[in-house]
Amino acid sequence: MTEPKLAPLHVPSRTTTLANGMRVVAHEDTSSPIVAVHLMYRAGSADERPGRTGLAHLLEHLMFEGSQHAPKGQFDDLLERAGGTNNGSTWLDRTNYFETVPSNAVELALWLERDRMAHFLPVLGEEMLELQRGVVINERRQSYDSRPYGMADERLHEMLFPEGHAYSWPTIGYMADLEAITLEDARTFYQTYYTAGNAVLVFAGDISPQRAFELAERYFGDLPAGPRIPRIARMGSLPAAPRVRRETMEDDVSFPRLYQAWTVPAYGDAEWVALDVLAFLLADGESSRLQKALVRDGRIAQDVDSYLYPTARCGVFGIVATARSGIPAEAMESAVRRALDEVAAGGVTEDEVLGAVRRVRRDHVAEMATVEERADALAYAATVLGRAEALGEMMDAYGEVTADDVRRVAARYLGAGRAATLVVVPGAEEEVEDAA
């Protein structure tokens, strides 16, 4: 008897599109009397231009400063009085705003989001911009510039992508660009991307699709579509080599850390799914290959992890490892290379792949535990893949991954010549002058 790899894991949903192009997705779950309202704009740091990096994230901050009919502070006050919560976030390909409210307060969340979409510009001013510019600059200093290893990811992306590529700069933005952003920049970005035709609205929870669609039409149906935004252009052919292959960065850290990254197919591609299985096979759990080679048996690293970005233009596959005391980063790099070469040469079994696929499924189940997380996943699929239903198709695809698929993607995409390698090492200690 053949054991099935995966049981289906679907998030049932229905989608409609308003006349202005806004896509509305409804996922009904009546187990709790709450509804997650998730509004996602296809506007992220990849939609910025060089010289104005950080604009998408700064605009997200500005959007919490109030709108024409809900002045600063009212957004939170009204939601909290109703028993709701809200937040937002910005990444490479999208910006999202979300509320979780009792079922009887759904219209409040919609009214607030409508006001931000339709009536934000009247309140946008220089004082607001300067206030939030300062907040974001401090965020950059604390979370990146002054944080141990904080600049590594930024430099790794600069090394990995061609100059000017939309993924080559950080979502937080460069300091000089943050200081240069003008009120007109913010207005233009908002008018271009914060439109009904460029948004996906998801309802998840205690609401029927029919009521969700009626409310979406009532609160957003009369808004203009906005300018037409071209579909995200996927990288036609991945670079044969990174812009910079290797670099060493000194930092105020105690242990060397190895960062390696490769450009790979975009989220939604069948080979992206095989690469995701490979990421789990390599570093998820103590029995995974890199955990054994570097941490458990090899004892040359304190930790090792792998990741795969679900990004639209192309994917990014990465490995990060921190050395044990006295171990050079080169020892970890050699061990990672050996593990990847072994996989590429066919040294992976169907049982090993099945274990990795089951661990992926474990994470999928955990990530879909709440209506908020399901709303986010549906909105992301609709935004990046074009259809909310593609989420289920992606999750089903894991069950079809074979050992040969994993071997093939390791050989095709994770070769030594395609890697950008950044080693962060402890900086030289400054000599302390003898004051005596």
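Residues numbered from 1 in each chain as written. Predicted model: local features only at pLDDT ≥ 70, side-chain atom pairs only at ≥ 80, totals over all residues. Heavy atoms only, no water.

A. Highlighting unusual backbone geometry. Positive phi outside glycine occurs at Tyr149, with the angle close to 65°. With respect to the helices and strands, Tyr149 occurs in the loop between α4 (126–145) and α5 (152–160). The phi dihedral of Arg299 falls on the positive side, at around 50°, and the residue is not glycine. Looking at the secondary structure, you find Arg299 in the loop between α10 (289–296) and β9 (301–308). (Helix = DSSP H or I, 4+ residues; strand = E, 2+ residues; numbered from the N terminus.)

B. Highlighting the sheet that holds β9. The 5 strands lie next to each other as β7-β11-β8-β10-β9, forming an open sheet whose pairing is mixed. Each edge of the open sheet carries a strand with a single partner, namely β7 (246–251) and β9. Ignoring strand direction, the axes of neighbouring strands in this sheet form an average angle of 15°. The pairing of β7 with strand β11 (residues 420–426) spans 6 bridges and is classified as parallel. When the sheet's bridge partners are listed, Glu250 is paired in β11 with Val425. Lying on the sheet, α10 is in contact with β9 and β10 (315–323); it crosses β9 at an angle near 155°. In the packing of helix α11 (residues 329–344) onto the sheet, contacts are made with β7, β8 (257–264), β9, β10 and β11, and the angle to β8 comes to roughly 35°. (Pairing = 2+ DSSP bridges. Axes fitted to C-alpha atoms, helices over the stretch in contact; angles between N-to-C directions. Contact = heavy atoms within 4.5 Å.)

C. Highlighting the pairing of strand β5 (residues 95–102). Most of β5 is tucked away: 6 of the 8 residues are buried. Of the pairings in the sheet, the one linking strand β4 (residues 85–90) to β5 comprises 6 bridges and is antiparallel in character. Paired with Ser89 across the two strands is Asn96, which belongs to β5. Joining the antiparallel neighbours β4 and β5 is a turn of 4 residues. (Buried < 20%, exposed > 50% of the residue type's maximum accessible area, 1.4 Å probe, protein only.)

D. Molecular detail of helix α15 (residues 403–413). Ala403, Asp405, Val406, Val409, Ala410 and Tyr413 are the residues of α15 that are buried. Down the axis of α15, the buried side of the element spans an arc of 165°, and every buried residue falls inside it. Of the surrounding elements, those touching the buried residues of α15 are β8, α9 (270–283), α11 and α12 (350–367). (Arc of directions from axis to C-beta.)

E. Structural context of the sheet that holds strand β1 (residues 14–17). Reading across from one edge, β1-β2-β6-β3-β5-β4 is the order of the 6 strands in this open sheet, with mixed pairing throughout. Sheet topology places β1 and β4 at the edges, where each strand pairs with a single neighbour. On average, adjacent strands in this sheet sit at an angle of 15° to one another, irrespective of strand direction. Judged from the 6 bridges that link them, strand β2 (residues 23–28) and strand β6 (residues 199–205) form a sheet pairing that is parallel. Of the residues in β6, the one forming a bridge with Ala26 is Phe203. Each of β4 and β5 is contacted by helix α1 (residues 55–62), which is oriented at about 165° to β4, the strand it contacts most.

F. Main features of the packing of α1 against α4. Axis separation between α1 and α4 bottoms out at 9 Å; the angle between their running directions is 120°. Comparing their axes, α4 and α1 come out oblique. Relative to α4, the crossing made by α1 is right-handed. Taking contact as the criterion, the partners of His57, Leu58, His61 and Leu62 in α1 are, on α4, Met128, Leu129, Gln132, Arg133, Val135, Val136 and Glu139. (Parallel < 35°, antiparallel > 145°, perpendicular 65-115°, else oblique. Left-handed = near helix turned anticlockwise from the far one by under 90°.)

G. Inspection of the pattern of salt bridges at higher detail. Following the criterion strictly, the structure yields 30 salt bridges and no others. As a salt-bridge pair, Asp185 and Arg52 come within 2.5 Å of each other at their nearest N and O atoms. Here Arg52 lies in the loop between β3 (34–41) and α1 and Asp185 lies in helix α7 (residues 183–193), a separation of 133 residues in the sequence. A salt bridge links Arg133 to Glu130; the shortest N-O distance between them is 2.8 Å. Of the two residues, Arg133 and Glu130 are both situated in helix α4; the distance of 3 residues between them amounts to about one turn of the helix. What makes Arg133 buried here is its relative accessible area of 9%. Overall, Glu130 belongs to the partly exposed group, its relative accessible area being 42%. Among the charged side chains, a network of salt bridges with common partners joins Arg42, Asp47, Asp93 and Arg313. (Salt bridge = Lys/Arg side-chain N within 4 Å of Asp/Glu carboxyl O.)

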